[in-house]
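Below, each chain spelled out in residue letters.
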Amino acid sequence: MQVTNNVKEGDHIIIFLNKRKNWLVKAEQGKSFHTHRGLLNFDSIIGLEYGSSISTSLGERMWILKPTMYDIILKSRRLTQIVYPKDLGTIAAWTGLSPGKIVVESGTGSGALTIFAANLVRPTGHVYSFEIRPEFIKIAEKNIALSGLQDTITLKLTDAKEGLGITGADIALIDVGDPWTLVQPMWNALKGGGIVAAISPTMNQVEKLSNELLDCNFVDTETLEIILRNIEARSGKTRPAMRMIGHTAYLTFARKALKTDKD
């Protein structure tokens, strides 16, 4: 089956002016999009091939691009800090997020990590995400609908500390303020050798978490901090950017070891 590469009615698209000025919008017939550089009619955009350029009412040239998960995550609605792409990539590599994996998550938040994981485990895997705050669930539901991954994600408005009701999971994700309280519930949910990944803003959280991981029979524990620096590439003037994304979170990983009679 041939898949078209043209904008369809109802598609979410990126209208790109430059790196700092770009918008994620829905292409709807009969409507228009207003920017400081002029107006664009969606009727003129629907049917164009992705990658095409179009001029605004003020003669400004913009490009029509297909959004990636990176775009959706960064532009999603949120009430809390999202997990940044630089950290998401490391989480995927360390845990082995891939098609068919079963993932449990505590701390849905805006759903950024949930969406990222679901996009990697589909079509045969699934993400079960637990959140105790209904206002966060509402935001996450809207962001998940934008990603189109509703069938791969199950949201649960309940406290994961009381138990997940799931066993045999491949990967556990923790993004809460007291991650150490989720270690035992996640151990119970994981299969032998399953991997837990926790996101912590402070070292105090990491210390308590690491101690609890050891006490609950996790092994191969490792904590990382990822620093990102962009490069400004220009002919004869290439150099590191003056600004960079430094600390966002500490990432802690560990593997579930099965207990013996001596444990």
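Residues numbered from 1 in each chain as written. Predicted model: local features only at pLDDT ≥ 70, side-chain atom pairs only at ≥ 80, totals over all residues. Heavy atoms only, no water.

### Some details on helix H3 (residues 85–95)
Item 1. Within H3, eight of the eleven residues are buried, which leaves the element mostly enclosed by the surrounding structure.
Item 2. Among all positions of H3, only Lys-86, Asp-87, Leu-88, Thr-90, Ile-91, Ala-92, Trp-94 and Thr-95 are buried.
Item 3. Packing partners of the buried residues in H3 comprise helix H2 (69–74), helix H4 (112–121), strand S10 (169–174), strand S11 (190–200), strand S12 (218–225) and strand S15 (250–256).
Item 4. Where H3 ends, the next residue or the one after it, Gly-96, has phi of about 75 degrees, a positive value. (Buried < 20%, exposed > 50% of the residue type's maximum accessible area, 1.4 Å probe, protein only. Helix = DSSP H or I, 4+ residues; strand = E, 2+ residues; numbered from the N terminus. Contact = heavy atoms within 4.5 Å.)

### Focus: the nonpolar core
Item 1. Core analysis: the largest hydrophobic core is formed by 31 residues, its most contacted members being Ile-91, Leu-97, Val-103, Leu-113, Val-127, Leu-173 and Ile-199.
Item 2. Every element with two or more residues in this core is listed here: H2, H3, H4, helix H5 (134–147), S10, S11 and S15.
Item 3. For this core, the element with the most residues is H4, which contributes seven residues.
Item 4. The contacts of Ile-199, once residues within four sequence positions are left out, are Val-83, Ile-91, Leu-113, Ile-174, Asp-175, Val-176, Ala-249, Tyr-250 and Leu-251.
Item 5. Of all hydrophobic cores here, the second largest spans 22 residues; its members include Val-183, Met-186, Leu-190 and Ala-254. (Core = buried A, V, L, I, M, F, W, Y, C linked by side-chain atoms within 4.5 Å.)

### A closer look at the sheet that holds strand S9 (residues 153–157)
Item 1. Strand order in this open sheet of seven strands is S9-S8-S7-S10-S11-S15-S12, and the pairing throughout is mixed. Where the open sheet ends on each side, the last strands, each with one partner, are S9 and S12. Pairwise comparison of adjacent strand axes, ignoring direction, gives a mean angle of 15 degrees for this sheet.
Item 2. Where H3 meets the sheet, its contacts fall on S10, S11, S12 and S15, and the angle it forms with S15 comes to roughly 15 degrees.
Item 3. Relative to S9, H5 is tilted by about 165 degrees, and along the sheet it contacts strand S8 (126–131) and S9. (Pairing = 2+ DSSP bridges. Axes fitted to C-alpha atoms, helices over the stretch in contact; angles between N-to-C directions.)

### Let's talk about unusual backbone geometry
Item 1. Along the chain, Arg-122 connects to Pro-123 via a cis peptide bond; the corresponding omega equals 5 degrees.
Item 2. Mapped onto the elements, Pro-123 comes out in the loop between H4 and S8.

### Observations regarding the packing of aromatic side chains
Item 1. Evaluated as defined, the whole model comprises two aromatic pairs.
Item 2. With a centroid separation of 4.8 Å and 5 degrees between ring planes, the pair formed by Trp-94 and Phe-253 is classed as stacked. With a gap of 159 residues between them, Trp-94 in helix H3 and Phe-253 in strand S15 connect regions that are remote in the sequence. An identical accessibility class is assigned to Trp-94 and Phe-253; each is buried. (Phe/Tyr/Trp six-rings, centres within 6.5 Å; stacked < 30°, edge-to-face > 60°.)

### A look at the sheet that holds strand S6 (residues 61–65)
Hydrogen bonds between backbone groups are what pair the strands of a sheet, and the pairing can be parallel or antiparallel.
Item 1. The four strands are arranged S2-S1-S6-S5 in an open sheet whose pairing can be described as antiparallel. Of all the strands in the sheet, just strand S2 (22–26) and strand S5 (53–55) have a single pairing partner and so form its edges. Across the sheet, the axes of successive neighbouring strands diverge by a mean angle of 30 degrees, strand direction being ignored.
Item 2. Both strand S1 (residues 12–16) and S2 contribute to a ladder of five bridges, which runs antiparallel. Counterpart to Ile-14 in the pairing with S2 is Leu-24.

### Let's talk about helix H7 (residues 203–215)
Item 1. The end-to-end C-alpha distance of H7, which contains 13 residues, comes to 18 Å, matching closely the 18 Å that a straight helix rising 1.5 Å per residue would cover.
Item 2. Every buried residue of H7 is accounted for by Gln-205, Val-206, Leu-209, Ser-210 and Leu-213. Taken down its axis, H7 places every buried residue within 125 degrees of arc, on the same side. Exposed positions of H7 whose direction lies more than 90 degrees from the buried face are Asn-204, Leu-214 and Asp-215.
Item 3. Buried-residue contacts for H7 involve helix H6 (183–189), S11, S12 and S15.
Item 4. Note on H7: the residue one or two positions beyond its end, Asn-217, has a positive phi of about 75 degrees. (Expected span 1.5 Å × (residues − 1). Arc of directions from axis to C-beta.)

### A look at the packing of H3 against H4
Item 1. With their axes 11 Å apart at the nearest point, H3 and H4 run at an angle of 45 degrees to one another. Between H3 and H4, the interaxial angle falls into the category oblique. In this structure, H3 meets H4 at a crossing whose hand is right-handed. Together, Leu-88, Gly-89, Ile-91 and Ala-92 of H3 and Leu-113, Phe-116 and Leu-120 of H4 make up the contact between the two elements.
Item 2. Of the residues belonging to the contact of H3 with H4, the class tally is six nonpolar, one polar and no charged. (Parallel < 35°, antiparallel > 145°, perpendicular 65-115°, else oblique. Left-handed = near helix turned anticlockwise from the far one by under 90°. Nonpolar A, V, L, I, M, F, W, Y, C, P; charged D, E, K, R; others polar.)

All quantities given are derived from atomic positions and should not be read as evidence of function.
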